[in-house]
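Spelled out, the chains give:
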Amino acid sequence: MSEADETLEASLKKPGWGRRLRNFADDYLPQGRWLSISAAVLGIYLLVVLVLGMVWSITPARFDVVENARLYTSNVDQETVTGAVTTSALIGVVDVLLTKRGGFLSNDKLPPGVYLDNMPNWEYGALIQSRDLARAMRELFSRSQSQSREDPDLAEAEPRLNFQSDSWLLPATETKYRESRRFTQAYLDRLIDPAASDAQFYARADNLREWLAMVNTRLGSLSQRLSASVGQRRVNTDLAGEEKASQSTVAPSELEVRTPWTEIDDVFYETRGAAWALIHFLKAAEVDFADVLQKKNAQVSLRQIIRELEATQDYVWSPMILNGTGFGFVANHSLVMASYISRANAAIIDLRDLLSQG
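Reading guide: rules and limits
- Residues numbered from 1 in each chain as written.
- Predicted model: local features only at pLDDT ≥ 70, side-chain atom pairs only at ≥ 80, totals over all residues.
- Heavy atoms only, no water.
- Helix = DSSP H or I, 4+ residues; strand = E, 2+ residues; numbered from the N terminus.
- Buried < 20%, exposed > 50% of the residue type's maximum accessible area, 1.4 Å probe, protein only.
- Lys, Arg positive; Asp, Glu negative; His and termini not counted.
- Salt bridge = Lys/Arg side-chain N within 4 Å of Asp/Glu carboxyl O.
- Polar contact = N/O pair within 3.5 Å; in protein donor to acceptor, adjacent residues only side chain to side chain.
- Contact = heavy atoms within 4.5 Å.
- Phe/Tyr/Trp six-rings, centres within 6.5 Å; stacked < 30°, edge-to-face > 60°.
- Lys NZ or Arg CZ within 6 Å of the ring centre and 35° of its normal.
- Patch = residues over 30% accessible without salt bridge, like charges linked within 9 Å, V, L, I, M, F, W, Y side chains within 5 Å.
- Areas by Shrake-Rupley, 256 points an atom, 1.4 Å probe, with all protein chains shown as cover.

S.K.: So what's going on with the side chain of aspartate 288? Residues and values would help.
M.R.: Tracing the sequence through the fold places aspartate 288 in helix α10 (residues 264–288). Notably, aspartate 288 is buried but unbridged: the nearest opposite-charge side chain belongs to arginine 70, and the N-O separation is 12 Å. A polar atom in the side chain of aspartate 288 sits 3.1 Å from the backbone nitrogen of glycine 83. Residues contacting aspartate 288, with those up to four places away along its chain left out, are Val81, Thr82, Gly83, Ala84, Val85, Thr86 and Ala203.

Pasting the structure below:
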């Protein structure tokens, strides 16, 4: 046999990397150790995921809207610029959604974000209130009348904030929301620039009243969904108040309304998120609409609404959202939340009536 043939035969007999690894395991690891190591690695991974999930589920703290406005207006005296605090509050809430612990979780496809549901529902509630305010700024606050031209930056910001919240790729939801934030910041920069008279924020009673009407319907829906946690038979009042009113299809005179038990905690945390964002927006409106509220002697009414909403942010001591009956042995967190939301909503109705008076 030639020297070349001997070299070839030796190389063929030489074990590959896979066999070398198996030989190493056989020589240095006792039988079954691979299974123990795999179980330990899996256990550590699950523990890390569990801890991260708990940390990411902590609700972000509230921020001071005036200090927040100083941050986004480069320390300009924002209280002399109408609308600066409200616009900054919207930017601040969107920033919190994107930069809080774990970032924006509603579109996560990997653990721990993929199995969390409380925080994504909290995000959705805050997002809906942000969308409503962005819409009000585009259609109401930045326009002097119905036939006036809409602000170009707000016209770009509002649809981007309405982009679907669960898109994780091409484009990712965070990309669209960051673009919305940039356009809103561009509007704010023009708003505080004395030379840019094309950017305006009209703090009028009718504008505030229209935005509060949006808030009114949102809170009313949340209150009904929370109250339905125990199931109710309700009289159908869809056509009440108008004799000739009609609807598309026939509905029964009484309705059985019940939130599925799998969605009870979802509605609860969606409400907490909506209330969290709304607290900031109402506090900002208290600054920007100060003259309007003072003229109507409505500051106390607005502060009472904020007080009711702040009660929804109290710490939840129970490890899970309980769904006891109304007067049962076990608490019903949804009904407690519905109580605060209903009182805030009733106060908003009274405030809107007050703003409509001459």
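S.K.: So what's going on with the packing of aromatic side chains? Which residues, and what values?
M.R.: Tallying each qualifying case throughout the model produces nine aromatic pairs. Ring geometry for tyrosine 315 and tryptophan 317: centres 4.7 Å apart, planes at 70°, overall edge-to-face. We classify tyrosine 315 as exposed; its relative accessible area is 61%. Grouped by ring-pair contacts, the aromatic residues Phe141, Phe201, Trp211 and Phe289 constitute a single cluster. A cation sits over an aromatic face here: lysine 176 above phenylalanine 163, 5.9 Å from the ring centre.

S.K.: A description of the pattern of salt bridges should follow, citing residues and the corresponding values.
M.R.: One pass over the structure, following the stated rule, counts 17 salt bridges. Residue glutamate 139 is joined to arginine 135 by a salt bridge in which the shortest nitrogen-to-oxygen separation is 3.6 Å. Of this pair, glutamate 139 and arginine 135 both sit in helix α6 (residues 118–141), four residues apart, which is roughly one turn of that helix. Looking at arginine 135, the relative accessible area reads 39%, which means it is partly exposed. In this structure, the salt-bridge partner of glutamate 158 is arginine 138, at a minimum N-O distance of 2.7 Å. Highlighted residues: glutamate 158 in helix α7 (residues 152–161) and arginine 138 in helix α6, separated in sequence by 20 residues. Taken together, the shared-partner salt bridges connect Asp151, Asp153, Arg190 and Asp198 into one network.

S.K.: Tell me about a nonpolar patch on the surface, and please be specific about residues and values.
M.R.: A grouping of Leu47, Leu50, Val51, Met54, Val55, Ile58, Val114 and Tyr115 is seen on the molecular surface, where their side chains present a nonpolar patch of about 730 Å² in accessible area. Mapped onto the fold, valine 55 is located in helix α3 (residues 33–56). Assessed through its relative accessible area of 33%, valine 55 is described here as partly exposed.

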